[in-house]
Structure formats: C-alpha cells, structure tokens
Amino acid sequence: MIVFDGVTKRYPGGTVAVDNLSLVAPNGKITVLVGPSGCGKTTSLRMVNRMIRPTSGTITLDGRDTARMKESDLRRGMGYVIQHAGLFPHRTVLENIGTVPRLLGWDRRRTDARAHELMEQVGLDEVFASRYPSQLSGGQQQRVGVARALAADPPVLLMDEPFSAVDPVVREQLQDEFLRLQDELGKTILFVTHDIDEAIKLGDQIAVLRVGGVLAQLADPAYLLNHPVDDFVADFVGRDRGYRALSFQPTPRLPLRPERTLLIGETTQGVAQDWALVVDDANHPLGWVEPRRVTGEIRSEMLHRGGTVARASGPLRGALDAALSSPSRRGVIVDDSGSLVGTVQAHEVLNAIEEAARPEVADPTNPGAPAR
Amino acid sequence: MINDVASWLLDPAHWTGPDGVPARTWEHIWYSGVSLLIASLIAVPAGLLIGHTGRGRVVAVNLAGAARAVPSLGLLFIMVLFLGPRLSGDAASLWPSLIVLIVLAIPPILSGAYAGVEGVDPAARDAARGMGMTGWEVLSRVEVPCALPLIFSGLRSAALQVVATATIAAIVGIGGLGRLLIDGQAIRDFPQMVSGALLVAVLALLVDLALAGVQRYAVSPGLTGRTTTRGGGRAATDADGTTDADGIPAPGAVFAGEKELAVRREAGKTEPRHNS
Amino acid sequence: MTWFLDHVQDVLDLAVQHVYLAGLPLVIGLLLALPLGWLARRYPGLYTPFTAGFGLLYTIPSLALFILLPGILGTRILDRSNVLVAMTVYTVALLVRTVADALGAVPDDVKQAATAMGFTRFRRFFAVELPLAVPVIAAGMRVAAVSNVSIVSVAAVIGIPQLGLLFTDGFARSFYDPIVVGLAACFVLALAFDLVILAVARLLTPWQRAGGAS
Ligand SMILES: Nc1ncnc2c1ncn2[C@@H]1O[C@H](COP(=O)(O)OP(=O)(O)O)[C@@H](O)[C@H]1O
Ligand SMILES: [Mg+2]
C-alpha cells in the first residue's frame, strides 16, 4: 500500500507541481493518476521512488516512510515503466529484462531463465531475445519495458504514460494484455496517464488532478462517470459519459426473446421474417441473412456481420450496443461460452436502464463525499 | 620519379639501423601511443564527468574550439624554445614535443567523451536511475557503453592529429618518420622525402583502421546497427522511398528526430576530426 | 610588440597569402561537396563509399600530402597550387559527410509537402532542402575553416609563404616575437573566418532568428 500524506512539491523557481496530495493506493489494485498536461502526475509518481524529493509531507510504502529507506533498495523494489520505455540501446532484449536481477546479484542462468519467462508473460516471441531495442517496434519496446520492470517480481509498479507513444491499435492491445497480466500478478500499481479513456479502462480507482497539483476527485471509474465532483472533472471526463458509464453497470435480467436460427448450408424456405440469425453447430452466432434475398443454400459470404454480440453477464453498454448495431434491430445476447441465449431490442434495454437504480451510493473510495 | 621512390623504398640499406624505416616507424608509433595514452587518461575521465554531471560544459566546448584554432607548428616551436634550454640532450626536443602532442590530443577526446555521455537517451538514463542504479552504475553500465561510438571517434581524431604532428615535430629534432621528410629536404633528396610521406600516410591509415577495428569490437551492435538478425535498424525513409544507408544511429538517439541526430553527428563525428 | 610594429607590412602580406590559401579551398570545397553530398543522399549505396573514401584522404598528414601532391599533379614542390589542392581535399573530406547528413536531416514531412505542391526534385533541392540544411552545413564549414587556417601554416616547412613562415623564422633565430605574432594572427584569422561564416549562415536563414533559436 502506497500512502501519500499531505505531499507537496515546490520546484526551485516556485512552481508548485503537487499541492498537499493525500492519497492511498491499495495493495493489488491499479490506481490511476489522470489529468491535463503539467498537472503534476509525473512529479507525484517520481516522488514515490524518490527520483524527486517531496518538499513536505510523507509517502509510506506498507507503513514504512520512503524517506528513511535506502534509495537504491527502494527503487530496486519497485518496477518503473516510462513513456519511451527507456531501453538500454547497447543491450539485447534479454539483457535489458535481466538488468535489475543482475543488480540484485542473481547469477546469469537464473536471470536468463527469469527473462525468458517474462518474455512469454508479456507476449514477446523468443526470437526477440537476442535483438537490440533499435530492432523493435514501439509496441514491442514497451513490452520489453514492462517485462524489465517486472523482472525482480517487485510488489509495486510505477508506470508513467507507458502506452502513450504507440498507435491506438497497439495501445488497445497493450492495455488488454496489461489487464490480463495484472489479473495474474495482482501488483500494487500507480499508473499515470493524460488519457481519461485509458484511466477508465485500466483503473480500479482514479485520481483526477488539476493544474497546480491539486487532487480534484478520487473515485472508482463508474462513480467518476456518474458523479463528477465539479465542472473541471465533468469537462475532463468528457462527452458520452452517460453512455460510457453503462460499461460499469451489470446487465439486469432482460426480456430475452427466442430467435429462429438457421445453419450454413440450409435453405431459407418457409422463413417469413425479414431477418434470420445464422449460427454454427455449437449455436454460436455467425451473422444475419435476409431470407427473401437468398436463393438456394445459405453460404458464409452472404452473412451480414455488422452487429456486435453482447454477453448476458456483461455490462449494459454491450447489450445496448448489440441492439443498436444489429441489422435486424434485435441485439444478439450470448452466454459466457458464446452460445446464443436470445435477442433483445433497444427499447427493452432502455427500459431496463431506466428501471435500474442509478448507483447513487456514496463513493466507496471516498466515503466522506456527498452523494449527489 | 616513381622509379626513384620505388628504388629508395626497395633499397635494403634504408631498412636497417637506427635511422632505418623500421626504427623510425617504431619511434613514431611510440611517441603517438604514449601521447594518446596520457591524453586519454586525462581527457576521458574529465569528459565523462562533464557529460555525467552537466557541469563545466561551456568551458569544455570553448576550450575545444579554441584549441582547434591554435596552429600546432607555432605551439611546437614556442614549447621547444621555452622548455628546450631547461632540458638537456634528446629530452630538450622530446619532452616539449610530447607535451604538444598531448595538449593537441586532449580536446577531441574530451569533447567526444562528453558529447557521447550527453547524447545518451534521457529515457534510458531515467530508467536506469528508476531501477535503483547508483550514479556510478548509471555511468559505467549505461552512459559509457552508449557513449563509446563518440568516445572512439574523438580518439581516432586525436590519433590522426598526433600522428600528423609527430611528423612535423621532426623539425625540432625528434625521431620518427618525419625525419625522412625533414632530412630529405635538407639534402634535396626528393625520393627520400616522398618515400617518407608515403610511409607516414600509410601509418596514419593503419592507425585509424586499427582503432576502427577496436571500436567495432568494443561497441555494442545495438548502437551501430551492425546486427546480424534480419530487419535491423530503424532506417529513416526518404520522401522518395529511399532509405538512409547509414545504419549508425547516434548513441541513444533511438527516439531522437533525424535532425537532432545529424546535429549530434555533427558535434561528435565531424568536429573533433582535425588534421594538422 | 616593437617587432610587430616594425613588421606590420610583412605580417599583413603573409596574412593575405594565408587567407587565400585557407579561404579559396573552403569555397571550392563547398562547391564540390554539395553535389557529392547530394549524390550520397540520392543514391544511398554511395553514402558509405563516399564518406569512408574521403575519410581516408583526411587521414593523410598534411606535410605528407604537400610533399606527395607534386608527384601526382606534376607541379613543382614550391608551387602554391599544391597547398590549394591539399586544403581542398581536406575541406571536401570534411564537408561531404556534413552535407549528406544535413540533407538527410531535413524533415520528411517538409519534403513530402514540397513534392505534393508540385516541386520537381531539382527545384525542391534548391528551394527547400538546401536552405533547411544551411545551419548544419555552416557548422561543418566553421570546423573546416578553423582547421584550414591551422593546417595551412604547416606549409611553411616546405617554404610556402604565409603566416606559418613567422613560426619557422622565429624558431630558426630562437626569437619568440614572430612566433607569438604568428599565433595571434592565425587565431584572429580563424575567428574572422568563423564570424563570416556565421554571418552568412544567419543571412541565409532569417527564420532561425525569428524563433529565438540561435
Ligand atoms: N525539474 C523541474 N523544475 C521546475 N519545474 C518543473 C520541473 N519538472 C516539472 N516542472 C513543472 O511542474 C509541473 C508539473 O510537471 P509534471 O509533473 O511533469 O506534469 P505532468 O506529468 O502531469 O505533465 C509543470 O508545471 C512543470 O512545468
Ligand atoms: Mg508527465
């Protein structure tokens, strides 16, 4: 657990980068620091491993004051990932990953074994082991950066905009894998980003900072979307937040309708509907056809695949999107194994949304905050 | 003329004795080697320190710039006139010459070392500190290995400078291949002068090649782009779809823009290269 | 000081010679290096042979080159053209790489924008790439100028008159004054070359001043 207690950083020259910050980053959770450029996110993060010394206030790590710990020990005990990865250009991927273990005095064999293990964990092919950073793409470099931070299995990870410098597609991929990895590892993570969408996707709790280094709001993502504390946070959280908040609202029991299904190779004779759903042998939805336009057997390339598919146990946003994107206007709902359970229409989802109580509960991470 | 030179070079009498080609070559290598070594012992640590701490940079830049403008011939004569009378025998010309060679070798080595360290990718340095390396560890494990290409280019410039100036120093009476040129001129023996000039040129070339060989061995392939695996290097693509053939990025310049990269090359490679 | 006052005219004459021997090769060298550097960029296969090849020429010590050139050019050893050619060789050796790198450093998007606006390759070079490459080329020129001034003085050893003659003269007579005056004069010349190049580069790149970048 990382605890900021009244931490202030005033740079020589007078800039107050962080102002009286108090914050708890619980063990095993991802705490995201988010805010516009220059609001003191990097400064806050770097005060944790004392790359920057606080002007006043204390930061404790599992109850120990970081100011009292030996700097090199403190840093070797926490992984540090930065925007451009900061890989050592003169070392191979394997050597880069093994840096901290070597600093800690591990022998070569143990280090290499660990590095290979990490490459697999972060999804890097073995062939990259002997490559140099200059031979990797930005996304691959970032994976190496994450692997290097995890090498000595530190309980804490500090990440400063680790995915900002890669293109959106790769970023999405890295974020998904990062979440999967965190499910496995359960590290205590302090994650800095200026991208609110990334914060909402990754954070267990989100700290929104405003310029001047003042904490504007600390909340979990759903609460933040539903109850921005003021105009600044509301603005920062951005448009579509009502719709985006549905991502965090579990789907209630929807009035699902059974759907007449067809298989590839069947004919559409006797099907009266405008649209019919085609499934495979395991009852997994494949796409929609218009029976009127099909002559002979249904072939794979006739399918409309535009509709999204929502899991019954997933968030409401998925169900609504499935209904809105379906050519038949009937959203396809599947169970956790991907088998069809039924379809639902948009107005039915909206009804469910209206009936579901808006989560007006007090913010669990900020019990003192008034519920609005 | 060519025949005269060839017969001078092929005459066995010129290849034996204390003023034979092997002895003169050895003297030349000895003067140059000692000067380079001493200059490196002074300039490399100083340059690394300046690069690592960022202190004294302005002084170093101006010193190196001013040193370039000092004609080695004039410096050599002043030194001999000043120190010569205080020393006796061979030392009267040898010591002033060595001092001049050392003084001339220091600026390129110094600026190579500091530019090399300064050019290390700030993100790599930041990451090194963030993972708990001490200042010394950052310097020895990250900054120095990354600075090696520029350290070597400084060293090679200094070597050229020293080999060339050692030739001229024959005027004040020291040995080395310069003797063939200077003595040949005194007795109007053109074949000997030209032979000497050829030998000096070949020696300079071999010294540079030897240092290039050491550099190739010492510098990580990750910095030179000389990697064996396929698809190496991030070659910049030209507007016409052509590719930057120079697979040698400036150290730590993985994320530096092309422009910055060229300016660093400018600072590191071109500047210290200075003949005499 | 009295020696200098007594010999002002001689020193000035030698300085003029020095400017000629160091300056003319600088101009010719640049004119040669521009097309060579452009070729090295245009045909990437040429980059390494060009830079490495001229690099080898650069390794030849100046005194050796002054003595070897008459044999190659068929000139007499006391001919000033030997020095001019030698200095041109050194200048080209320095500048080919500089020009190639400077052209390579012109941002891709700028070049592509120029192409998209309909510049031919030829016009794009003169209208866009060359102007943008001026600061880096100027930096290379400054290095070449300062080193030329220093190297030219070595030609005094084989008897070509310029400021270096003050060194050999002073040394032969164990007399400090001419040497000190020579050193100072060389220093002033190097500084003058440096300032001229800086001024020309500034004139050619007005946009650099606007941004406050030096
Ligand atoms: N070393 C420094 N010296 C002075 N001011 C700084 C320094 N580093 C950052 N700042 C200032 O502190 C503020 C916060 O910076 P930073 O923590 O980097 O913000 P962020 O990471 O949120 O963009 C900014 O106004 C920045 O200009
Ligand atoms: Mg930041």
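The shown structure was predicted, so the numbers you read here are calculated from the model rather than taken from an experiment. (Residues numbered from 1 in each chain as written. Chains lettered and ligands numbered in written order. Predicted model: local features only at pLDDT ≥ 70, side-chain atom pairs only at ≥ 80, totals over all residues. Heavy atoms only, no water.)

What to know about the overall build of chain A
Where we set the bar: Each helix is a run of H or I in the DSSP string that is no shorter than four residues. Each strand is a run of E no shorter than two, and both are numbered from the N terminus. Contact between two residues is taken to exist if any of their heavy atoms lie within 4.5 Å; hydrogens are not considered. Shrake-Rupley sampling with a 1.4 Å probe provides the accessible areas, and residues are treated as covered by the protein chains on show and by no other component. Asp and Glu count as negative and Lys and Arg as positive, but His and the ends of the chain are not part of the count. Each charge is placed at NZ for Lys, CZ for Arg, CG for Asp and CD for Glu.
Secondary structure summary: chain A contains 13 helices and 16 strands in total. Projected onto its principal axes, the C-alpha positions of chain A cover 80 × 55 × 30 Å. For chain A, the proportion of contacts with a sequence separation of at least 24, taken over those separated by at least 6, is 61%. Entry remark: accessible area of chain A is about 16,800 Å², with carbon and sulfur atoms responsible for 49%. Across chain A, 42 positive and 47 negative side-chain charges occur, with their mean positions spaced 6 Å apart.

Thoughts on the UniProt feature "domain: ABC transmembrane type-1" (unreviewed entry) in chain B
Threshold: UniProt positions are given in the numbering used here, feature names are shortened, and annotations may be inferred rather than shown by experiment.
In the numbering used here, UniProt assigns the "domain: ABC transmembrane type-1" (unreviewed entry) feature to residues 25-211 of chain B. End C-alpha atoms of residues 25-211 of chain B are separated by 17 Å, and the span's content is 83% helix alongside 0% strand.

Things to note about the sheet that holds strand S14 (residues 309-311) of chain A
Residue and element names in this part refer to chain A. Just so we agree on the cut-off: Only strands that DSSP links by at least two bridges are regarded as paired with each other. In this analysis, axes come from line fits to C-alpha atoms, helices being fitted only over the stretch in contact, and the angle between any two N-to-C directions falls in the range 0 to 180 degrees.
Taken in spatial order, the three strands make up an open sheet running S14-S15-S16, and their pairing is mixed. Whereas interior strands pair on both sides, the edge strands pair on one side only; in this sheet they are S14 and strand S16 (340-345). Here the average twist between neighbouring strands, direction ignored, is 35°. Looking at chain direction, strand S15 (residues 330-334) and S16 are connected through five bridges and run antiparallel.

Some words on helix H5 (residues 108-121) of chain A
Residue and element names in this part refer to chain A. To keep things clear, this is the line we draw: To estimate the expected span of a helix, subtract one from its residue number and multiply by 1.5 Å. Under the scheme applied here, a residue whose accessible area is under 20% of the maximum for its type counts as buried, over 50% as exposed, and between as partly exposed, the area being computed with a 1.4 Å probe on protein chains only. In this description, one arc is meant: the one made by directions from the helix axis to the C-beta atoms. Counted as a polar contact is a pair of N or O atoms within 3.5 Å, where, for protein atoms, one must be capable of donating a hydrogen and the other of accepting one, and residues adjacent in sequence contribute only when both atoms are in side chains.
Between its first and last C-alpha atoms H5 spans 20 Å; for 14 residues at 1.5 Å apiece the expected length is 20 Å, and the two agree. For H5, every residue scored as buried is listed here: Thr111, Arg114, Ala115, Leu118, Met119 and Gln121. In an axial view of H5, the angular spread of the buried residues amounts to 155°, which keeps them on one side of the axis. Across from the buried face of H5, at angles greater than 90 degrees, the exposed residues are Arg109 and Glu120. The N-terminus of H5 is capped by aspartate 107, whose side-chain oxygen sits 3.2 Å from the backbone nitrogen of arginine 109. Immediately beyond the C-terminal end of H5, within one or two residues, lies glycine 123, with a positive phi of roughly 75°.

Considering the nonpolar core
The test is simple: We call a set of buried Ala, Val, Leu, Ile, Met, Phe, Trp, Tyr and Cys residues a nonpolar core when their side-chain atoms join them within 4.5 Å.
Counting residues in each nonpolar core, the largest one holds 144 residues, and the members touching the most others are B:Met133, C:Leu63, C:Phe66, C:Ile67, C:Ile137 and C:Leu163. Not counting residues within four places of it along the chain, the set of residues in contact with C:Leu63 comprises B:Thr167, B:Ile168, B:Leu181, B:Ile182, C:Val154, C:Val157 and C:Ile158. Membership of the second largest hydrophobic core comes to 47 residues, among which are A:Val122, A:Ala147, A:Val166 and A:Phe178.

Observations concerning the domain arrangement of chain A
The condition is simple: Boundary definitions for the domains trace back to an automatic or database domain assignment.
Segmentation of chain A into domains returns domain 1 (2-238) and domain 2 (261-357). Placing the centre of domain 1 of chain A and that of domain 2 of chain A at their C-alpha centroids yields a distance of 41 Å.

Let's talk about the UniProt feature "transmembrane region" (unreviewed entry) in chain B
All names here are of chain B. In the numbering used here, UniProt assigns the "transmembrane region" (unreviewed entry) feature to residues 29-51, 58-82, 94-117, 161-182 and 194-214. Counted over residues 58-82, helix gives 92% and strand 0%. Its end C-alpha atoms are 30 Å apart. Between the first and last C-alpha atoms of residues 194-214 the distance is 30 Å; the span itself is 100% helix and 0% strand.

Some details on the packing of helix H4 (residues 62-73) of chain C against helix H5 (residues 80-104) of chain C
Residue and element names in this part refer to chain C. The following threshold applies: In this scheme the crossing of two helices becomes right-handed for a clockwise turn of the near helix relative to the far one and left-handed for an anticlockwise turn of less than a right angle. When residues are sorted by character, Ala, Val, Leu, Ile, Met, Phe, Trp, Tyr, Cys and Pro go into the nonpolar class, Asp, Glu, Lys and Arg into the charged class, and all the rest, Gly among them, into the polar class.
Direction vectors running N to C along H4 and H5 enclose 115°, while the axes themselves pass 9 Å from each other. Between H4 and H5 the crossing geometry is right-handed. Between H4 and H5, the residues in contact are Ser62, Leu65, Phe66, Leu69, Pro70 and Leu73 and Asn82, Val83, Val85, Ala86, Met87 and Tyr90, respectively. Looking at the contact of H4 with H5 residue by residue, the classes come out as ten nonpolar, two polar and no charged.

Considerations on the interface of chain B and chain C
Let me state the cut-off plainly: Buried area: the sum, over both parts, of the accessible surface (1.4 Å probe) that disappears when the two are put together. Counted as salt bridges are all cases of a side-chain nitrogen of Lys or Arg within 4 Å of a carboxyl oxygen of Asp or Glu.
Each side of the interface is counted separately: chain B has 55 residues, and chain C has 56 residues. In this assembly, chain B packs against chain C so that about 4,700 Å² is buried in total across both faces, 71% of it on carbon and sulfur atoms. Summed over the shared surface of chain B and chain C, the number is zero salt bridges. At the junction of chain B and chain C, the tally comes to three residue pairs in polar contact (both at pLDDT 80 or more). When contributions to the side of chain B that touches chain C are tallied by element, the ones reaching two or more residues are helix H3 (57-69), helix H4 (72-83), helix H7 (135-168), helix H8 (178-186), helix H9 (190-218) and helix H11 (258-270) of chain B. Examining the composition of the side of chain B that touches chain C, we find that ten residues originate from one element, H9(B), more than from any other. Within the side of chain B that touches chain C, the residues separate by chemical class into 31 nonpolar, eleven polar and 13 charged.

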